[in-house]
Amino acid sequence: MQPFDLAGRAFHYGAILTHYAYRYPRLREKVRNIMRRTSSEGALTVDGHAERGLPGFSEHRRYGYHRYMMARYMYAIPYIRGKDVLEIGCGLGWGAHLISEYPANVTCIDRSEAAISYARREWKDPAVQYTVRSVEELNAAGQTYDVVLAYELIEHLEVEVARVLVREIARLLRPEGVVIMSSYFPEQDWQARQAERKNPFHPHIYTKGELSQLLAEVGITEHRFKGNLMLVARKAGQLASAD
C-alpha cells in the first residue's frame, strides 16, 4: 500500500498514537522521554510564546493538544522510511528526535538560535542535523530531499514569506517527493479570518482553497487534505520526452 493513498482520510490522531506509540516500544520510550520535559517552561518557549514549546507543557497536556503534536510526526513515518528528510521550522527539535530512527537522515532548520541550541543539547540523534536558518534563507540550501515537513509554520509567516516557503519547498523536493504540512486549513474565508483574530502570532490562516492555489502556482497539483489539520502533497515526476 502506498502511503500517499491514505492521505484522503481524516486525521485521527488518537488512532495514529495507538498504532505507533503502543506497538513500537522504542517509539513509546521516546514519547515518555519527551513528555517528561515539563520544567522551566518559560525558559523553553521561544519568541515570547509557547508555540515552539514541548508537548509536555501544561497547557498542551491540559487540552490534549500534546496528542496531536505527537501524532502528526507519527503520521509521517510511512513516508519517511529510508528517505532524506527536511523539516522547516523544527522549533525545539523534539519531533525529529521522535521519528529519527525511520529516515536515512533529517535536516532540521529553524530561524531561532535559542531553539536550535536547545535541540542540539537535548536530542542526541546521529541521523539528525539541526541548523539555524530562516525561510528566506532556504535558497542557500543546495541539497534536495525526498520529504519536506512543515508543521505549524505557514500560519506564522507573512503572505509574501509564505510564497517563498512554498516556492522553495517545490525546488527542494525531488521528483515524486512529498511535502506534509500541518496547520488549521478551514473551508471558508470567514473561518480563517476569525482564527487569525484569536492568535497574534498567526498573521494569515490559509483556507484549503488558498493553499491549493499556492501549491498550484509552483506546479504541485496532486495534494489532499486530511480534515482541517493536515495536508499531504506530491511533486510530479520528470515529464516524459515528447519524442
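Note that the structure is a prediction, hence the values are computed from the model and not measured.

A. Molecular detail of the pattern of salt bridges. The final tally for this structure, using the stated rule, is 15 salt bridges. Across the pair Asp 146 and Arg 174 runs a salt bridge whose closest N-O atoms are separated by 3.1 Å. In this pair, Asp 146 sits in strand 4 (residues 145–151) while Arg 174 sits in strand 5 (residues 173–182), placing the two residues 28 residues apart along the sequence. Judged by relative accessible area, Arg 174 falls into the partly exposed class, the value being 24%. Where Glu 196 meets Arg 193, a salt bridge forms, and the shortest distance between an N and an O atom there is 2.6 Å. In this pair, Glu 196 and Arg 193 both sit in helix 10 (residues 189–198), 3 residues apart, roughly one turn of the helix. Judged by its relative accessible area of 16%, Glu 196 is buried.

B. Expanded view of helix 2 (residues 25–35). Every buried residue of helix 2 is listed here: Leu 27, Lys 30, Val 31, Ile 34 and Met 35. Buried residues along helix 2 cover an arc of 130° about the axis, so they all sit on one side. Away from its buried face, by an angle of more than 90 degrees, helix 2 presents the exposed residues Pro 25 and Arg 32. Considering only its buried residues, helix 2 is in contact with helix 1 (13–21), helix 4 (58–62), helix 5 (65–75), helix 6 (77–80) and helix 7 (94–98).

C. Fine view of the side chain of Arg 193. Side chain to side chain, Arg 193 and Asp 189 meet in a polar contact 2.3 Å long. Of the polar contacts made by the side chain of Arg 193, one reaches the side chain of Glu 196; its length is 2.6 Å. In this view, Arg 193 contacts His 204, Ile 205 and Glu 210; residues no more than four positions away in its chain are not counted.

D. Looking closely at the sheet that holds strand 4. Within the open sheet, the 7 strands sit side by side as 3-2-1-4-5-7-6. Their pairing is mixed. Every other strand in the sheet has two partners, leaving strand 3 (128–132) and strand 6 (222–226) as the edge strands with one partner each. Each neighbouring strand pair of the sheet contributes to a mean axis angle of 15°, computed without reference to strand direction. In the sheet, strand 1 (residues 84–88) pairs with strand 4 via 3 bridges, with the strands oriented parallel. Bridge pairing in strand 4 places Leu 86 opposite Val 148.

Here is what the cut-offs are and how they apply
Residues numbered from 1 in each chain as written. Predicted model: local features only at pLDDT ≥ 70, side-chain atom pairs only at ≥ 80, totals over all residues. Heavy atoms only, no water. Salt bridge = Lys/Arg side-chain N within 4 Å of Asp/Glu carboxyl O. Helix = DSSP H or I, 4+ residues; strand = E, 2+ residues; numbered from the N terminus. Buried < 20%, exposed > 50% of the residue type's maximum accessible area, 1.4 Å probe, protein only. Arc of directions from axis to C-beta. Contact = heavy atoms within 4.5 Å. Polar contact = N/O pair within 3.5 Å; in protein donor to acceptor, adjacent residues only side chain to side chain. Pairing = 2+ DSSP bridges. Axes fitted to C-alpha atoms, helices over the stretch in contact; angles between N-to-C directions.

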